[in-house]
Amino acid sequence: MAQDSGTRTLISHAQLRRGRGRALYWTLLAVVVVVFTLVFLGPLYWMVTGALKSGQEIAQTPPSLFPKDPQPQNYVDAWHNLDLAKLLFNTFYYAAGAVVFQLVLDTAAAYSLSKLRPVFGNVILALMLSTLMIPAMVLIVPQYVTVIDLPILHINLLDSPFAIWLPLVANAFNIFLLKRFFDSIPEDLMAAARIDGATPLRTLWSIILPMSRPILGVVSIFAVTAVWKDFLWPKLVMPSPETRTVSVGIYAFSGGTPENVVVAASVIAAIPTVIVFLIFQRNIMSGLTTGSLKG
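The text that follows walks through the structure, step by step, so that each part is easy to find. Quick caveat: nothing in here was measured; it's all calculated off a predicted structure.

Each value, and the rule that gives it
Residues numbered from 1 in each chain as written. Predicted model: local features only at pLDDT ≥ 70, side-chain atom pairs only at ≥ 80, totals over all residues. Heavy atoms only, no water. Helix = DSSP H or I, 4+ residues; strand = E, 2+ residues; numbered from the N terminus. Areas by Shrake-Rupley, 256 points an atom, 1.4 Å probe, with all protein chains shown as cover. Phe/Tyr/Trp six-rings, centres within 6.5 Å; stacked < 30°, edge-to-face > 60°. Buried < 20%, exposed > 50% of the residue type's maximum accessible area, 1.4 Å probe, protein only. Contact = heavy atoms within 4.5 Å. Core = buried A, V, L, I, M, F, W, Y, C linked by side-chain atoms within 4.5 Å. 1 Å grid on protein atoms, 1.4 Å probe; cavity = no way out; pocket = protein on both sides within 12 Å on 5 of 7 lines; lining within 4 Å. Points joined across faces, edges and corners; volume = space filled by probe spheres on them. Nonpolar A, V, L, I, M, F, W, Y, C, P; charged D, E, K, R; others polar.

Within the protein, the secondary structure is distributed over 15 helices and zero strands. Summing over all exposed atoms, the protein offers an accessible surface of approximately 18,100 Å²; the carbon and sulfur share of this is 70%.

Right, dumping it as structure tokens:
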């Protein structure tokens, strides 16, 4: 393990060359990896195995490590009894709309701040980023008042997908993420496009967006997970059973449903986001790191 001579670590480079130092290093590394693996995968393992247990076994104390009599029927009961097909479709629909709105509007805002550089652009960006310091719970009441009586138009957006889409559009973090990525695109390309007579919109469509696929993928995944995991806001603005998201639907049915069936429903609801992450994990890492590189 090569190290710079000026780098200081818990175990010196000389000790790593010795048998005892090397053994200590690998022991500590193994302990850290095992502990963090258990911390992150422990709840997931309990959820998957808990869905296979009977009602009595999942409620017993201390809990059993393995299901004594696995019951896959719990997943079937969860799918039919909680109408998960409808709930998953609703959530997917809201997530798809959030992706479209964020990609269109947040990309336009980030492109304007990064390349068009309007007057007071830095002030506008600073005001956007300052909203990240405000706790989300503080904004619930003014957002809800806005939804039930949209200013100027005076429209009630309850049970409308726009009640979920519109608050997600104004995402300061995604705008900042996109702007940082756009800042890394060389100005020479922008100058060449202007010389060729390309308009700012044409430059965005033909040059910026094709080069920004990694970061656009990251923003899309963030938008999907934000809708999929959110609970309080969909519960407030989607009171009708026909418009509920999967998290709200599972909560609504949990009162009269066995706990093992509820856990099975939670496992099914988590599968889509896990699949999305496993498929696009390389895009996530490349999108988050490429924007920090210049040139």
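The next point concerns unusual backbone geometry. Even without being glycine, Asp-83 reaches a positive phi, approximately 50 degrees. Mapped onto the secondary structure, Asp-83 falls in the loop between helix H4 (73-81) and helix H5 (84-116). Although it is not a glycine, His-154 adopts a positive phi angle of roughly 55 degrees. Checked against the element boundaries, His-154 lands in the loop between helix H7 (140-148) and helix H8 (162-169).

What follows is about the packing of aromatic side chains. Scanning the entire structure with this criterion turns up eight aromatic pairs. Pairing Tyr-93 with Tyr-94 gives two aromatic rings, centres 5.9 Å apart and planes at 50 degrees, and the pair type is tilted. Judged by relative accessible area, which is 4%, Tyr-94 ranks as buried. When the ring of Phe-162 is compared with that of Trp-165, the centres are 5.2 Å apart and the planes differ by 75 degrees; the resulting orientation is edge-to-face. With a gap of three residues between them, Phe-162 and Trp-165 both fall in helix H8, about one helical turn apart. Exposure remark for Phe-162: the relative accessible area of 37% places this residue in the partly exposed category. Through a chain of ring-to-ring contacts, the aromatic side chains of Tyr-93, Tyr-94, Phe-101, Phe-162 and Trp-165 assemble into a single cluster.

Summarising the element assignment, Tyr-94 is placed in helix H5. Separated by 66 residues in sequence, Tyr-94 and Ser-160 place their C-alpha atoms 9.9 Å apart. Ignoring anything within four residues of it in the chain, the contact list for Tyr-94 reads Pro-161, Ile-164, Trp-165, Val-227, Met-238, Thr-243 and Thr-245.

Another point: the nonpolar core. Of all hydrophobic cores here, the largest spans 19 residues; its most connected members are Ala-78, Leu-82, Leu-84, Val-246, Ile-250 and Ala-265. Mapped by element, the contributors of at least two residues to this core are H5, helix H14 (246-254) and helix H15 (259-290). Examining the composition of this core, we find that eight residues originate from one element, H15, more than from any other. Leaving out residues up to four positions away in the same chain, Leu-84 has contacts with Ala-78, Trp-79, Val-246, Ile-250, Ala-265 and Ile-268. If you look at the next biggest cluster of nonpolar residues, it comprises 17 residues, including Tyr-111, Phe-182, Ile-185 and Met-190.

On to the layout of surface pockets, then. In this structure, the largest pocket encloses a volume near 950 Å³. Forming the walls of the largest pocket are 25 residues, and the residues nearest its centre are Ala-136, Gln-143, Pro-167, Leu-168 and Ala-170. Within the residue set of the lining of the largest pocket, elements represented by two or more residues are H7, H8, helix H9 (172-183), helix H12 (213-229) and helix H13 (232-237). Looking at side-chain class alone, the lining of the largest pocket contains 20 nonpolar, four polar and one charged residues.

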